Amino acid sequence: MIARRPFLGALLSSGAAVAASGRLAAAPLPLDDEARLGRLLAGLDRTESLRAVKRLQASFAQYVHHGLWDEIGALFAADGTLAWDGAVMMGPPAIAAHLRKAIGGGMDGLPAGTVHAQLLMTPVVTLSPSGEQARGRWHEVRMASGPHAWAASLLTADYARLDGRWRITRLVNHPIFAGPFDTGWRNLSDDLPVIPYAYTPDSAGRPETGADAAPQPTDRLSEVGPRLAALAAEDAARNLQHIYGYYIDRKMWDDVADLFAPEGVLTIDGVGRFQGRAAILQALERDGPAGLRHGELNDHPQFNLTVEIAPSGVEARVRGLDLGMTGRNGGDAAWTFTTFDNRFLKRGDTWAIAGMRLYPDARADYYKGWDGGQSATSRRIAPFPVHPASGMAVRYPANLAPVSHPFNGEAIDARPGGSIAEAETALARAAAFDAIENISSALGQYLNDSRWYELSRLFTVDGWRKSPSAGYYQGRDRIWQMQMTRNGPLRRPRAFIPLHLRIQPVIHVAPDGRSAKLRTRLLQFNSANAREGSMTAGMYEDQLAIEDGIWRFSFDDIDHIWLTESYAKGWARLPEGAGQALSRSPAALLQTMPPDRPIEGRAYPPFPAIDRLWFHYRNPVSGRTPPNLLP
């Protein structure tokens, strides 16, 4: 880790972001510049559209997890097409019928005691110039009961706004790997193809602020403030959920408890209800004392989030899936799935967890599989928001019992109206979240396909990138040359792929909307033709900036945490020093192309040792400083 350049402007906390937009919520903006207001409305519509598309796709993954086949069909246009695992279906009824048969065994819901989880990751979503169509490029990894326990695909999707609501017009999965639970995954092709990209480094990082869009009519200005406040609330809620996951990873129990409101409630279905921070802390300690011990893994990446903001603007509902990867080296290991349904409240300028409901769905012993020691799938599930395409209430199979948690009707956080300049800055911050998630995902996708030139263009002219165990390289051309020297061009036939998945972003945008900090998790599935797969995990702490109107990386830094020698051994069968023994040597790169700055600190994944991890933020509720706060 090397010293970073000064952050451009004070770091914007989640609470501050919402407070800034909250000031715009109570009154219409003054008509001081009709053209500016028209562009503001256009940018607001485009940013909301990007999020509607991502919510649509996340809902697909959530419905799969519980077998809601008709609801999946309803996500598609009347002539929408699903090309999935070699079959092609057109229209909602055909799509629902195929999935009901292929996954559900001919029934609504999932068969008792089974699991079928789709982990949706790395979205790069861009809009057409008209704003009425969109394209998305995603990765998905599926974990399921039965003979096909593992599957991974690249997803390409087209979307359209029809009758005011976004729908999927075409969704195609391009299979990458698959395999049974006992032996893991392998490539499905002797020469994995490169699927064409629907974006460029520039289009992925261009924020949807309306600067290049045709101005919209300005007859709905009274809605601008509440809509901007809702975007900021969504950003704060997403950050809060992802921060929670990172604290759970490291068993930072005090920080987890701090995220709850003083009267907050944690409910674990089948276990109990815990109210207040002291009781919540005791519930957390059921999983052992605070802090990771040598050889202990407690990773809990968060997936498939949907965020619903109440009309008040001060209450949020966050629904998603927690994947547990737990155990101790030399001992047991397990996969777990837990659905969460959380309620966040904003008081003053701070968002906190008012209620968290956890529904344990399934548990599998790593070395036995879903059919060896799996807990039964719960009949009780977290309720869904209204269907994103139909606008109707979601219908549940007879074997599921949703537990109702309605919004409680908190009063609106009324504040004076703001200026058009404040509104433009609030929109710039909101648009930054989507552009930053785009280029973060694009970085991983370019790594997968050895697209080194395109990868280098995701950086500012003088941006920095770390080459693991070698050092830091500055400037686009140096980054490009470093990647080519270390990795070489894409080899044909492509018999190996490192599925480099950057997930769970925590994004803090500066008050002026021109720079940002990003924390994101690396979850990497390594897959080959002739040998079993393996996994790698790490943590990125990055900095980003607007350059020529486009978001780019100014600093990209990875700390690898653990890697597995093989799927069979997993993370609980690693010898001491495995990180150095299994990591690729940088000797050739160091000799041919020395870095601009050397590595400081550890160079290899430390696990089973537990090393420090950096955080660019303090606890967003209590302000507690983490053990390793970035300068």
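Residues numbered from 1 in each chain as written. Predicted model: local features only at pLDDT ≥ 70, side-chain atom pairs only at ≥ 80, totals over all residues. Heavy atoms only, no water.

Asker: Explanation requested: the overall build of the protein chain in the structure shown.
Answerer: Each helix and strand in the protein chain was counted, giving 13 helices and 24 strands. Against the 2.2 N^0.38 benchmark of 25 Å for 631 residues, the protein chain shows a C-alpha radius of gyration of 23 Å, consistent with a compact globule. In terms of overall dimensions, the protein chain has C-alpha extents of about 65 × 60 × 55 Å along its principal axes. Buried positions account for 61% of the 631 residues belonging to the protein chain. Counting contacts in the protein chain only where the partners sit at least 6 residues apart, residues at least 24 apart contribute 69% of the total. Of the accessible surface of the protein chain, which amounts to about 23,200 Å², a share of 53% is contributed by carbon and sulfur atoms. Taking the average location of the 68 positive side-chain charges in the protein chain and that of its 67 negative ones, the two points are 3 Å from each other. (Helix = DSSP H or I, 4+ residues; strand = E, 2+ residues; numbered from the N terminus. Rg over C-alpha atoms; globule rule 2.2 N^0.38 Å. Buried < 20%, exposed > 50% of the residue type's maximum accessible area, 1.4 Å probe, protein only. Contact = heavy atoms within 4.5 Å. Areas by Shrake-Rupley, 256 points an atom, 1.4 Å probe, with all protein chains shown as cover. Lys, Arg positive; Asp, Glu negative; His and termini not counted. Charge placed at Lys NZ, Arg CZ, Asp CG, Glu CD.)

Asker: Quick question: what am I supposed to make of the side chain of Thr-126 here?
Answerer: Position of Thr-126 relative to the elements: it lies in strand E3 (residues 116-127). For Thr-126, a relative accessible area of 15% corresponds to the buried category.

Asker: Help me out: how do you make sense of the confidence of the model for the protein chain in this one?
Answerer: The predicted coordinates of low-pLDDT regions are not to be read in fine detail. Per-residue pLDDT for the protein chain averages 90, and the proportion of residues at 70 or more is 91%. Predicted confidence for residues 1-27 stays below pLDDT 50, and this span has 86 contacts to residues more than four positions away or in other chains. (pLDDT = per-residue confidence, 0-100.)

Asker: Sorry, what's going on with helix H11 (residues 476-487) here?
Answerer: Structural remark: α-helix, 3.6 residues per turn; residues separated by three or four positions point the same way. Given a rise of 1.5 Å per residue, 12 residues ought to cover 16 Å, and the 16 Å separating the end C-alpha atoms of H11 matches this to within 8%. Where H11 is concerned, the buried positions are Arg-476, Ile-479, Met-482, Gln-483 and Arg-486. Viewed end-on, H11 has its buried residues packed into an arc of 125 degrees, placing them on one side of the element. Elements that come into contact with the buried residues of H11 comprise helix H10 (452-456), strand E17 (459-467), strand E18 (471-474), strand E21 (534-547), strand E22 (550-556) and helix H13 (587-592). Within two residues after H11, Gly-488 carries a phi angle of roughly 75 degrees, on the positive side. (Expected span 1.5 Å × (residues − 1). Arc of directions from axis to C-beta.)

Asker: What exactly am I supposed to notice about the pattern of salt bridges here?
Answerer: Side chains that differ in sign of charge can pair as their charged atoms come close. Summed over the entire model, instances satisfying the criterion amount to 45 salt bridges. Of the charged contacts in the structure, one is a salt bridge between Asp-70 and Arg-100, with a shortest N-O distance of 2.8 Å. Of the two residues, Asp-70 is situated in helix H3 (residues 69-73) and Arg-100 in helix H4 (residues 92-102); the sequence distance between them amounts to 30 residues. Judged by relative accessible area, Asp-70 falls into the partly exposed class, the value being 37%. (Salt bridge = Lys/Arg side-chain N within 4 Å of Asp/Glu carboxyl O.)

Asker: Explanation requested: the environment of Arg-602 in the structure shown.
Answerer: With respect to the helices, strands and loops of the structure, Arg-602 is situated in the segment after strand E24 (597-598). Under the relative-accessibility criterion, Arg-602 is labelled partly exposed at 23%. Here the alpha-carbon distance between Arg-602 and Asp-559, two residues 43 residues apart in the chain, equals 8.7 Å. If near-sequence neighbours (up to four positions away) are discounted, Arg-602 is found in contact with Asp-559, His-560, Asp-611, Arg-612 and Leu-613. Within the structure, the side chain of Arg-602 is placed 2.8 Å from the backbone oxygen of His-560, a separation counted as a polar contact. A polar contact of 2.7 Å, which involves the side chain of Arg-602, links it to the side chain of Asp-611. (Polar contact = N/O pair within 3.5 Å; in protein donor to acceptor, adjacent residues only side chain to side chain.)

Asker: Is there a simple way to explain the nonpolar core in this structure?
Answerer: Inside soluble globular proteins, nonpolar side chains tend to come together where they are buried. Counting 80 residues, the largest nonpolar core has Trp-335, Phe-525 and Trp-571 as its most contacted members. Tallying contributions element by element places helix H6 (residues 224-249) first for this core, with nine residues. Counting 37 residues, the second-largest nonpolar core is a separate cluster that includes Phe-76, Leu-120, Trp-138 and Ala-157. (Core = buried A, V, L, I, M, F, W, Y, C linked by side-chain atoms within 4.5 Å.)

Asker: Explain the packing of helix H2 (residues 34-66) against H6 here, please?
Answerer: Each pair of packed helices can be summarised by the angle the axes make with each other and by the distance between the axes. Between H2 and H6, the shortest axis-to-axis distance is 11 Å and the interhelical angle comes to 40 degrees. With respect to their mutual orientation, H2 and H6 come out oblique. Handedness of the crossing formed by H2 with H6: left-handed. Here H2 contributes Leu-40, Leu-41, Leu-44, Asp-45, Thr-47, Glu-48, Arg-51 and Arg-55 to the contact with H6, which in turn contributes Val-224, Arg-227, Leu-228, Leu-231, Glu-234 and Asp-235. Here the contact of H2 with H6 is composed, by residue class, of six nonpolar, one polar and seven charged. (Axes fitted to C-alpha atoms, helices over the stretch in contact; angles between N-to-C directions. Parallel < 35°, antiparallel > 145°, perpendicular 65-115°, else oblique. Left-handed = near helix turned anticlockwise from the far one by under 90°. Nonpolar A, V, L, I, M, F, W, Y, C, P; charged D, E, K, R; others polar.)

Asker: In this structure, what is going on with a nonpolar patch on the surface? I would like to understand it.
Answerer: Together, Tyr-453, Trp-480 and Met-484 line one region of the surface with nonpolar side chains, adding up to about 280 Å² of accessible area. Relative to the assigned elements, Trp-480 resides in helix H11. Residue classification places Trp-480 among the partly exposed residues on the basis of a relative accessible area of 34%. (Patch = residues over 30% accessible without salt bridge, like charges linked within 9 Å, V, L, I, M, F, W, Y side chains within 5 Å.)

Asker: How should I be thinking about the packing of H2 against helix H9 (residues 420-448) in this particular structure?
Answerer: Contact pair H2 / H9: the axes reach a minimum separation of 10 Å and the direction vectors enclose 30 degrees. Between H2 and H9, the interaxial angle falls into the category roughly parallel. Here the hand of the crossing between H2 and H9 comes out left-handed. Touching Arg-36, Leu-37, Leu-40, Gly-43, Leu-44, Thr-47, Leu-50, Arg-51 and Lys-54 of H2 are Ile-420, Ala-421, Ala-423, Glu-424, Leu-427, Ala-430, Ala-431, Phe-433, Asp-434 and Glu-437, all from H9. Split into classes, the residues belonging to the contact of H2 with H9 amount to 11 nonpolar, two polar and six charged.

Asker: Explanation requested: H6 in the structure shown.
Answerer: In this model H6 runs 38 Å from its N-terminal to its C-terminal C-alpha over 26 residues, within 8% of the 38 Å that 1.5 Å per residue would give. In terms of burial, H6 is a largely internal element, 23 of the 26 residues being buried. Looking one or two places after H6, you find Lys-251, whose phi comes out positive at around 50 degrees.

Asker: When you look at the pairing of strand E8 (residues 260-268) in this model, what are you seeing that I'm missing?
Answerer: When a strand is regular, its side chains alternate between the sheet's two faces. Counted residue by residue, E8 has seven buried out of nine residues, so it is predominantly covered. The sheet contact formed by E8 and strand E14 (residues 350-365) spans five bridges and is parallel. The residue of E14 that forms the bridge with Ile-268 is Leu-358. The pairing of E8 with strand E9 (residues 272-275) spans four bridges and is classified as antiparallel. Pairing of Leu-266 across the sheet is with Phe-274, part of E9. (Pairing = 2+ DSSP bridges.)

Asker: Quick question: what am I supposed to make of the side chain of Thr-564 here?
Answerer: Residue placement: Thr-564 occurs in the loop between strand E23 (558-563) and helix H12 (578-582). By relative accessible area, which is 6% here, Thr-564 ends up buried. Separated by 2.8 Å, the side chain of Thr-564 and the backbone nitrogen of Met-535 make a polar contact.

Asker: How do you make sense of the packing of aromatic side chains when you look at a structure like this?
Answerer: In this description, a pair of aromatic rings is defined by centroid distance and the angle of the planes. What the rule picks out here adds up to 27 aromatic pairs. Ring geometry for Phe-60 and Trp-84: centres 5.7 Å apart, planes at 45 degrees, overall tilted. Placement of the pair is Phe-60 in helix H2 and Trp-84 in strand E1 (residues 76-84), with a sequence separation of 24 residues. Across this residue pair, the class does not change: Phe-60 and Trp-84 are buried. (Phe/Tyr/Trp six-rings, centres within 6.5 Å; stacked < 30°, edge-to-face > 60°.)

Asker: What exactly am I supposed to notice about the environment of Val-506 here?
Answerer: Among the secondary structure elements, Val-506 is positioned in strand E19 (residues 496-509). Distance from Val-506 to Leu-240, taken between C-alpha atoms, is 8.2 Å for residues 266 residues apart in sequence. Apart from the residues within four sequence positions on either side, Val-506 is in contact with Asn-239, His-242, Ile-243, Tyr-246, Lys-517, Leu-518, Arg-519, His-616 and Tyr-617.

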